[in-house]
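Examination of the molecular architecture
Chain by chain, the residues:
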Amino acid sequence: MSIPTPSKKILLGITGGIAAYKAAELVRLLVKQNMDVQAVMTASACQFITPLTLQALSGKPVLTDLWDNAGNGMSHISLARDADAIVIAPASANFITKLVHGAADDLLSTLCLARGKCPLFVAPAMNVEMWQNPATQRNVAQLAQDGIAVLGPVSGDQACGEVGLGRMLEPEALLEELETSFQPKILQGKNVMVTAGATFEAIDPVRGITNLSSGKMGYAVARAAQEMGATVTLVSAACLDAPRGVNVISVVSAQNMLDTVMAHIAKQDIFIGVAAVSDYRMTNPKPQKIKKDGNALSLELVQNTDILATVANLPKPPFCVGFAAESENLLKYAEQKRRQKNLPLLAANLVQYGFGGDENTLILLDEEGSHPLPTANKLTLARQLLQHIASLLGK
Ligand code: PMT
């Protein structure tokens, strides 16, 4: 099963500021994601970067003049209405002021005013003093009140030599914000719990048993669920930055993970076990560091409770999704796990691909059979997995 990312039409407005050079990279990233980019530059933007650069990257002539438009002279209206989003990056202090007051004295400001319901994203970039000026702060607050998404700025070194808030959000971060906004809100109103990372079972105060999981797949699933409108709880045995808007509860051992999951499971609609949970723990972890004495060392291990199976066999279970990492016989072993644990859906991956990296290849197994998802980054796969879950839930 392959779910193509729908191609989106982005109208990218570039205003006058040194961060205009970053617009070139933004165009490149958007085009790489199959987005159709129409660049529109103000006269000031053309002082910083040439339209030819953006034309080469977007594959389309760049529009700069309200009066140069072909057609019936109404292209400022059709351009804005045709777009899936308008992004102004960088947005100068002056252009923000124009947006606030509804000015329409050039092509970009005119099409922003004529945009109708097309979402508008603004990425401010300016000197720290200009950003902190009460006039700019008033204007930015007004943009937010008008339903315009303000992305950034961030703090750091500035082209003028000063340091502080005012740097434009990096192109990768802007792309991420846009992609997030395009996710269908198909999990609105749902509570989703995800487990991630590798649990750690102490042998003594300095040693332990663990697995190879980095947590990246589980964090991607949590982020994708949040983007789709769910309220997400991530029970994590990994040390990664929390996805925005996700409630992260950190745990260490399989028992911690089990206790945390069970404490919050009653209100969950969907449970997705991505964690590589230790199957065994020490019967009696040693309170002091074990000393080497030249002899073989035997450790007595006891099996941990299976968290996913426990949840799936509750009297009123949430919709349960398992993961299985196998080194061979992927489909056979994964389907066995799905049936043994009583799961409507399981995502199977080969250990060679799944652990640690940014990409993965998944095969989804459900009552209908297997649905391969081609190799992609973990966030893309997570989105496809959640779309599959939503379709099984009838959304
Ligand atoms: O974190 P990354 O580096 O991105 O790697 C991702 C991953 C490879 C860890 C992930 O994609 C994955 O496959 N996770 C499951 C690993 C696995 O093989 O688990 P398992 O076969 O031991 O368990 C099967 C399922 O039962 C899993 O959903 C697991 O979370 C769950 N389980 C297992 C044991 C246990 N005691 N409790 C559980 O809930």
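Residue positions are counted from 1 within each chain, in the order its sequence is given. Reporting of local features is limited, given that this is a predicted model, to residues whose pLDDT is at least 70; pairs of side-chain atoms are given and counted only at 80 or more, and all residues count toward the totals for whole chains, interfaces and linings. Water and hydrogen atoms were dropped before computing side-chain values, which therefore reflect all heavy atoms in the structure.

Some details on the nonpolar core
Nonpolar core, defined: a set of buried Ala, Val, Leu, Ile, Met, Phe, Trp, Tyr and Cys residues in which side-chain atoms within 4.5 Å join the residues together. For each residue, the accessible area found with a 1.4 Å probe, counting protein chains only, is set against the maximum for its type, and the residue is called buried under 20%, exposed over 50%, and partly exposed in between. Counting 36 residues, the largest nonpolar core has Val194, Val221, Ile272, Phe323 and Ile389 as the members making the most contacts within it. Filtering out sequence-adjacent residues up to four positions away, Ile272 remains in contact with Val192, Met193, Val194, Thr195, Val221, Val321, Phe323, Leu386 and Ile389. Note on contacts: a residue pair qualifies if any of its non-hydrogen atoms lie within 4.5 Å across the two residues.

Structural notes on the pattern of salt bridges
Criterion for a salt bridge: a side-chain nitrogen of Lys or Arg within 4 Å of a carboxyl oxygen of Asp or Glu. Taken as a whole, this structure holds 18 salt bridges when the rule is applied. The partner of Asp106 in a salt bridge is Lys98, and the shortest N-O contact between them spans 3.4 Å. A relative accessible area of 14% places Lys98 in the buried class. Of the charged contacts, one joins Glu170 and Arg167 as a salt bridge, the two residues approaching to 3.3 Å between their closest N and O atoms.

Let's talk about the site of the ligand
We call a residue near a given molecule or strand whenever any one of its heavy atoms falls within 4 Å of it. Neighbouring the ligand are 25 residues, the closest being Ser213, Gly273, Lys337, Asn349 and Gly356. Val274 places a polar main-chain atom, nitrogen or oxygen, 2.9 Å from a nitrogen atom of the ligand. Counting of polar contacts relies on pairs of N or O atoms within 3.5 Å, with two restrictions inside protein: one atom must be capable of donating a hydrogen and the other of accepting it, and residues adjacent in sequence are counted only when both atoms are side-chain atoms. The backbone of Leu308 places a nitrogen or oxygen atom 2.9 Å from an oxygen atom of the ligand. Whether a set of points on the 1 Å grid over the protein atoms alone is a cavity depends on a 1.4 Å probe fitting there but being unable to get out, while an open set qualifies as a pocket with protein on both sides within 12 Å along at least five of seven lines; lining residues are those with an atom within 4 Å of a point. Any molecule with more than half of its atoms within 2 Å of a cavity's or pocket's grid points is counted as sitting in it. Of all the cavities here, the one that holds the ligand is the second largest pocket.

Considering the packing of aromatic side chains
Put simply, two rings from Phe, Tyr or Trp (the six-membered ring, in Trp's case) pair if the centres are within 6.5 Å, and we call them stacked under 30 degrees between planes, edge-to-face over 60, tilted for the rest. Evaluated as defined, the whole model comprises zero aromatic pairs. The ring of Phe182 is capped by Lys8, whose NZ or CZ atom sits 5.0 Å from the centre of that ring. Only when the NZ atom of a Lys or the CZ atom of an Arg is both within 6 Å of the ring centre and within 35 degrees of the ring normal do we say a charge sits over the ring.

Overview of helix H5 (residues 93–101)
Note on conventions: DSSP H or I runs of at least 4 residues are helices, E runs of at least 2 residues are strands, and numbering of each starts at the N terminus. Listing the buried residues of H5 in full gives Ala93, Phe95, Ile96, Lys98, Leu99 and Val100. In this structure, the buried side of H5 is in contact with strand E3 (85–91), helix H6 (107–113), strand E4 (120–124), helix H7 (128–132) and helix H8 (134–145). Positioned one or two residues after H5, Gly102 has a phi angle of 70 degrees, which is positive.

Digging into the domain arrangement of the protein
Note that the domain bounds were set by an automatic or database domain assignment. For the protein, the assigned domains read domain 1 (9–182) and domain 2 (191–286 + 296–392). The centre of domain 1, based on its C-alpha atoms, is set 40 Å off from the matching centre of domain 2. Residue-level contacts link four residues of domain 1 with four residues of domain 2. Two parts placed together each lose some accessible area; with a 1.4 Å probe, that loss summed over both constitutes the buried area. Contact between domain 1 and domain 2 buries roughly 390 Å² in total, counting both sides, with carbon and sulfur atoms accounting for 29%. Counting the contacts that link domain 1 with domain 2 gives three salt bridges.

A short note on the sheet that holds E3
Within a sheet, adjacent strands bond to each other through the backbone by hydrogen bonds, running parallel or antiparallel. Spatially, five strands are ordered E2-E1-E3-E4-E5 in an open sheet, and the strand pairing comes out parallel. Edge strands, defined here as strands with exactly one partner in the open sheet, are strand E2 (36–41) and strand E5 (149–150). Strands are treated as partners if at least two bridges between them are detected by DSSP. Two elements, strand E1 (residues 9–14) and E3, share four bridges in a ladder whose sense is parallel. Bridge assignment links Leu12 to a residue of E3, and that residue is Val87. Sheet strands in contact with H5 are E3 and E4, and its direction is about 150 degrees off that of E4. A fitted line through C-alpha atoms represents every axis, and for helices the fit uses only the stretch in contact; the resulting angles, taken between N-to-C directions, go from 0 to 180 degrees.

A look at the pairing of E4
Burial within E4 is extensive, with five of its five residues counted as buried. Of the two faces of E4, the one carrying Leu120, Val122 and Pro124 and the one carrying Phe121 and Ala123 are both buried. Sheet topology note: the E3/E4 ladder contains four bridges and is parallel. Bridge pairing links Ile86 to Leu120 in E4. Here E4 pairs with E5 via two bridges, running parallel. Along E5, the bridge assignment pairs Val122 with Val150.

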